[in-house]
Amino acid sequence: DFGISKVNLTTATNIFYESLGFKTRFTAINKHGTLPALKTIGIDRFYEFDFPRDFKYTRPIRGVRKDLDSNQLYWTSSELTYLISENTGFSLLFLPIHNLTLKGFFDYALLGEGKDNQVYSFGGELSFGQSLYRAGLGIAKGNISGVNTNRAYYIRLSLFIPDL
């Protein structure tokens, strides 16, 4: 027998004017009992994909390419976003470059057990997209329990699926 307790919170606002915004997401996940095979709680290494992760109950830390499993996870991601242009008139292959933004971010996770229990990263990202997807280029610097990771350059794809 097992159980999963999960709380998600997202908050966002504009700062001073419409082109500058702040967004933060928080997740707390706790397991009870033994999870079945292929189900884990913790940090996953696939930070290039910002998709819903409810199958494995994991969250990404940009710039940290390591899977860290735990019995509980407290995760937050905060972003300061500046809208450069709503419509640039350019396209990348077949994707129009709309809503071009520059982001500064800070990702943090506290894992319930183990030696690698505090993980964080910070960096910047240039991205574009519509209401359901975003694509971006970024740079991140991570830290796992006081040990810095290498600087990471990445391409990130995001898919937003509304909650039902």
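Keep in mind that what you see is a predicted model, and the values were worked out from it rather than measured. (Residues numbered from 1 in each chain as written. Predicted model: local features only at pLDDT ≥ 70, side-chain atom pairs only at ≥ 80, totals over all residues. Heavy atoms only, no water.)

**A closer look at the sheet that holds strand β6 (residues 68-69)**
An order of β5-β3-β6 is seen for the three strands of this open sheet, with the pairing classed as mixed. Pairing within the sheet leaves two strands with one partner each, and these edge strands are β5 (58-60) and β6. The pairing of strand β3 (residues 42-44) with β6 spans two bridges and is classified as antiparallel. Across the sheet, the residue bridging to I43 is L68, located in β6. (Pairing = 2+ DSSP bridges. Helix = DSSP H or I, 4+ residues; strand = E, 2+ residues; numbered from the N terminus.)

**Here we look at the side chain of S70**
By secondary structure assignment, the location of S70 is in the loop between β6 and β7 (72-92). According to the relative accessible area criterion, S70 is buried, its value standing at 7%. A distance of 3.0 Å separates the side chain of S70 from the backbone oxygen of Q72, its partner in a polar contact. With near-sequence residues (within four places) excluded, S70 lies in contact with K31, I41, L111, G112 and E113. (Buried < 20%, exposed > 50% of the residue type's maximum accessible area, 1.4 Å probe, protein only. Polar contact = N/O pair within 3.5 Å; in protein donor to acceptor, adjacent residues only side chain to side chain. Contact = heavy atoms within 4.5 Å.)

**Section: the sheet that holds strand β4 (residues 49-50)**
Strand pairing in a sheet relies on backbone hydrogen bonds, with the paired strands running either antiparallel or parallel. Across the sheet, eight strands lie side by side as β1-β2-β7-β8-β9-β10-β11-β4; this open sheet has mixed pairing. Taken across any chain shown, the strands that pair with only one partner, and hence form the sheet edges, are β1 (2-15) and β4. Relative to strand β2 (residues 17-33), β1 is paired through 14 bridges, and the arrangement is antiparallel. Looking at β2, one finds that K6 is bridged to I29.

**A few points about the side chain of S78**
If you trace the backbone, S78 turns up in strand β7. Not counting chain neighbours up to four residues away, the residues in contact with S78 comprise F22, K23, T24, G104, F105, F106 and D107.

**Some words on the pattern of salt bridges**
Applying the stated criterion across every chain, the model contains eight salt bridges. With a shortest N-O distance of 3.3 Å, R156 and D50 are connected by a salt bridge. Taken together, the positions of R156 in strand β11 (residues 147-159) and D50 in strand β4 put the pair 106 residues apart, joining distant regions of the chain. Residue R156 is classed as buried on the basis of its relative accessible area of 3%. Note on D50: relative accessible area 11%, which makes it buried. We note a salt bridge from E125 to R62, for which the minimum N-O separation is 3.4 Å. With E125 in strand β9 (residues 118-129) and R62 in the loop between β5 and β6, the pair connects residues that are 63 residues apart, well separated along the chain. By the burial criterion, E125 is buried, and R62 matches it. (Salt bridge = Lys/Arg side-chain N within 4 Å of Asp/Glu carboxyl O.)

**Regarding a nonpolar patch on the surface**
Together, F46, F49, F51, L132, L137, I155, L157, L159 and I161 line one region of the surface with nonpolar side chains, adding up to about 830 Å² of accessible area. With three residues, β11 is the single largest residue contributor to the nonpolar patch. By the secondary structure assignment, F46 is in the loop between β3 and β4. On the basis of relative accessibility, which here comes to 40%, the residue F46 falls in the partly exposed class. (Patch = residues over 30% accessible without salt bridge, like charges linked within 9 Å, V, L, I, M, F, W, Y side chains within 5 Å. Areas by Shrake-Rupley, 256 points an atom, 1.4 Å probe, with all protein chains shown as cover.)

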